[in-house]
Amino acid sequence: VRGDLEEGDFRMESPTSSNLAINLVIPYAASCDTSLWTGDITAAFLQGSPLSRRLVIRAPRGGLPAAGDQPAIPEGALFEVLITVYGTRDAPRGFFLALRKDILELGLHEMTGEQAAYALVDPDGVLLGVLVTHVDDCMWTGRPEMQEKMEMLMKRFTFGSVEKDNFRFCGRTIETTKDYIKVSTPESLAKVKPITVGDGPAERAATEDEIQQLRAVVGSLAWVCRTCRPDLSYMVNRLQSRQAKATKEDLVTTNKLLKYAVKTREYGIHFMKHGMSFDKLIGLSVTDASFAAEGGHRSQAGRFLLLADRVPTPDVPAKIYILEWNSHGLKRVCRSTLQAETLSMLAGVEGLESLRATLCSLTDPRPAGVGQQSWYARSQAMLKGFWLTDCRSLLDFLQNPVTTAVIDKRLAIDLTGLRQQLWRRQGEESGDPASSDLPTLEEGTDTALWCQTSDMIADGLTKKMNTEEIVHLMTSGQWRVSGVMMGRHWT
């Protein structure tokens, strides 16, 4: 159908699973040592929901030839469309609604904050399996009960290929071994061509054609970076910020980064199988910032969101699953290192809060209407959170029982919000630093810790530097530290 000719205001969005949801399914499979499955639904838009609006279409020029028992359709004949059909602007949404409806009818429920991710639990609250969808592509894992549900779904929708353990899903290459599940994108950059750079000095402005090539290359690199290559994050973000006013030097830098990415295309994230119990993990929010290091005195923030079996110490490394990472320039021009580190930590802690809600919803779905506040408190208490920073002044400020005056009001608000979360006890929505002591490790939901800059894995997300530590984190599934983690209740 010529959807480009449609007029009118109607909903067209079709939610898809986030990187976080996908990166939760894989470590769940790794920790439980269950098989990963994928399947694609064929002719998806012909299996959508009924249209909620009236749509009339006209047969194309020359009409339609007879097909089987169906007579020929003359040119100009009109049809009323009853269900979603390929080409209409709301076809993806119609299919999403139909698929969602059937998944929920099978007994699965949506994860909180994820409109295309689902979980299956038994009456006792035991997690049996998880499923993520991306338009007509599905990926799932779990116990035999989960596989039975998926086989029922395959009877309701026409699936094409169904693959197990080793496959491609939404551009990702999934490889399963006896020790780990690896996510990589070795084929994604195969067709990306380097920029053809003209003559001239390094500082000359890029031509319009060169900028178009730059956008294409950086866009491809950005997708690979978001999917499984945190080691590329800083340089990709830096080049993204330079696209509008690129110089010849930026073009050369982009080609060098592309060459490195292609050379290391086998790099990926390893989700280790052994020694991790999915229901006994902790959350690590690791944040860092470089103060006024970019053009215009902008600061750069970097963060990792990890699931781990423990906090790393010099004696015992932490076994980790990488869930999220980010490198971005702070829009606010910071006037101090403390301000830059605070804004980076704020983003990391918010990511941790969201992760907790999603994890809680796997076995304890968010109730509708009443009781949502108490559910939020439960979700924050179910996963112990640790905030790791190499900024000692920030840690001291957050843990100080007496609030220190801060001239910058916006910074004071951010710090106050972080202090409320840090001083929160089990079962509370927020803490009260003014009238209570800092909770102990056992009482609180969160603990702030300090690590040496040499051990700060997010450092490579904030500046141009050697990223061997990040690559080691990706491939080993472990975080080793050489210094002592120091906090008020931790040595």
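Thresholds applied
- Residues numbered from 1 in each chain as written.
- Predicted model: local features only at pLDDT ≥ 70, side-chain atom pairs only at ≥ 80, totals over all residues.
- Heavy atoms only, no water.
- Helix = DSSP H or I, 4+ residues; strand = E, 2+ residues; numbered from the N terminus.
- Buried < 20%, exposed > 50% of the residue type's maximum accessible area, 1.4 Å probe, protein only.
- Contact = heavy atoms within 4.5 Å.
- Areas by Shrake-Rupley, 256 points an atom, 1.4 Å probe, with all protein chains shown as cover.
- Lys, Arg positive; Asp, Glu negative; His and termini not counted.
- Charge placed at Lys NZ, Arg CZ, Asp CG, Glu CD.
- Axes fitted to C-alpha atoms, helices over the stretch in contact; angles between N-to-C directions.
- Left-handed = near helix turned anticlockwise from the far one by under 90°.
- Nonpolar A, V, L, I, M, F, W, Y, C, P; charged D, E, K, R; others polar.
- 1 Å grid on protein atoms, 1.4 Å probe; cavity = no way out; pocket = protein on both sides within 12 Å on 5 of 7 lines; lining within 4 Å.
- Points joined across faces, edges and corners; volume = space filled by probe spheres on them.
- Core = buried A, V, L, I, M, F, W, Y, C linked by side-chain atoms within 4.5 Å.
- Pairing = 2+ DSSP bridges.
- Expected span 1.5 Å × (residues − 1).
- Arc of directions from axis to C-beta.
- Polar contact = N/O pair within 3.5 Å; in protein donor to acceptor, adjacent residues only side chain to side chain.

Chemist: How do you make sense of the overall build of the chain when you look at a structure like this?
Modeler: In terms of regular secondary structure, the chain is built from 11 helices and 18 strands. Along the first, second and third principal axes, the C-alpha atoms of the chain reach 80 × 70 × 50 Å. Counting all 491 residues of the chain, 51% fall into the buried class. Relative to all contacts within the chain whose residues are 6 or more apart in sequence, the contacts with residues 24 or more apart total 70%. About 23,200 Å² of surface is accessible on the chain, with carbon and sulfur atoms providing 52% of the total. Averaged over its 56 positive side-chain charges, the chain has a centre that lies 3 Å from the centre of its 61 negative ones.

Chemist: So what exactly am I meant to see when it comes to unusual backbone geometry here?
Modeler: Leave glycine aside and you will find that most residues have negative phi; peptide bonds, for their part, are mostly trans. With a phi angle near 55°, Asp33 is a residue other than glycine that sits in the positive phi range. Looking at Asp33, the relative accessible area reads 49%, which means it is partly exposed. Unusually for a residue other than glycine, Val135 sits at a positive phi of about 60°. Counting through the fold element by element, Val135 comes out in the loop between β6 (127-134) and β7 (137-142). Taking the relative accessible area as the measure of exposure, Val135 reaches 29% and is therefore partly exposed.

Chemist: Before we go on, may I ask you to explain the packing of helix α4 (residues 208-228) against helix α5 (residues 233-242) in this structure?
Modeler: What describes two packed helices is the angle between their axes and the distance between those same axes. Contact geometry for α4 and α5: axes closest at 10 Å, N-to-C directions at 145°. Read as a crossing pair, α4 and α5 show a hand that is left-handed. Contacts between α4 and α5 involve Val218, Leu221, Ala222 and Cys225 from the former and Ser233, Val236, Leu239 and Gln240 from the latter. Looking at the contact of α4 with α5 residue by residue, the class counts come to 6 nonpolar, 2 polar and no charged.

Chemist: Where do I start with the layout of surface pockets in this structure?
Modeler: Any empty space left between atoms is shown by rolling a water-sized probe over those atoms. A volume near 490 Å³ is recorded for the largest pocket. Surrounding the largest pocket, 20 residues form its lining, Arg238, Ser241, Arg242, Glu294 and Gly295 being those nearest its centre. For the lining of the largest pocket, the secondary structure elements donating two or more residues are α5, α6 (248-263) and β14 (298-308). With 6 residues, α5 is the single largest residue contributor to the lining of the largest pocket. Residue composition of the lining of the largest pocket, grouped by class: 4 nonpolar, 7 polar and 9 charged.

Chemist: What is the right way to look at the nonpolar core in this model?
Modeler: Nonpolar side chains in soluble globular proteins tend to end up buried together. By size, the foremost hydrophobic cluster in this structure holds 79 residues, and its most contacted members are Leu284, Val286, Phe304, Leu307, Leu355 and Trp479. If one sorts the elements of this core by residue count, helix α1 (residues 19-32) sits on top with 9 residues. Ranked by size, the runner-up nonpolar core spans 22 residues in total, among them Leu214, Ala222, Leu232 and Ala261.

Chemist: Quick question: what am I supposed to make of the sheet that holds β7 here?
Modeler: In any sheet, the strands associate via hydrogen bonds between backbone groups, in a parallel or an antiparallel arrangement. Spatially, β4-β5-β6-β7-β1-β8 is the arrangement adopted by the 6 strands of the open sheet, whose pairing is antiparallel. Since the sheet does not close on itself, it has two edges, and those belong to β4 (109-110) and β8 (159-164), each with one partner. Strand direction decides the pairing type here: strand β5 (residues 117-121) and β6, joined by 5 bridges, are antiparallel. Residue Tyr118 lies in a different strand from β6, and its bridge partner there is Leu131. On top of the sheet, α1 reaches β1 (36-41), β5, β6 and β7; it is set at about 145° to β6, its chief contact. Docked against the sheet, helix α2 (residues 91-105) engages β1, β4, β5 and β6, running at close to 10° with respect to β5.

Chemist: Honestly, the pairing of strand β15 (residues 318-329) in this entry has me stumped. Any pointers?
Modeler: The side chains of a regular strand alternate, first on one face of the sheet and then on the other. The pairing of β14 with β15 spans 9 bridges and is classified as antiparallel. Paired with Ala308 across the strands is Ile320, a residue of β15. Here 2 bridges tie β15 to strand β18 (residues 478-479), and the two strands are oriented antiparallel to one another. From the neighbouring strand, Lys319 faces β18, where its bridge partner is Gln478.

Chemist: Would you mind going over helix α10 (residues 409-422) with me for this structure?
Modeler: Note: α-helices contain 3.6 residues per turn, so residues at a spacing of three or four share the same orientation. Here α10 contains 14 residues, and its C-alpha end-to-end distance of 20 Å stays within 8% of the 20 Å for a straight helix at 1.5 Å per residue. For α10, the complete set of buried residues consists of Leu411, Asp414, Leu415, Leu418, Arg419, Gln421 and Leu422. Mapping the buried residues of α10 onto a view down its axis gives an arc of 160°, with all of them on the same face. Those residues of α10 that are exposed and aimed more than 90 degrees away from the buried face are Lys409, Arg410 and Ile413. Its side-chain oxygen placed 3.1 Å from the backbone nitrogen of Arg410, Asp408 serves as the N-cap of α10.

Chemist: I'm lost on the side chain of Thr141 in this one. Help?
Modeler: Topologically, Thr141 is positioned in strand β7. At 2.7 Å, the side chain of Thr141 and the backbone oxygen of Ser35 are in polar contact. With residues near it in sequence (within four places) discarded, Thr141 still touches Val25, Tyr28, Ala29, Thr34, Ser35, Leu36, Gly129, Val130 and Met146.

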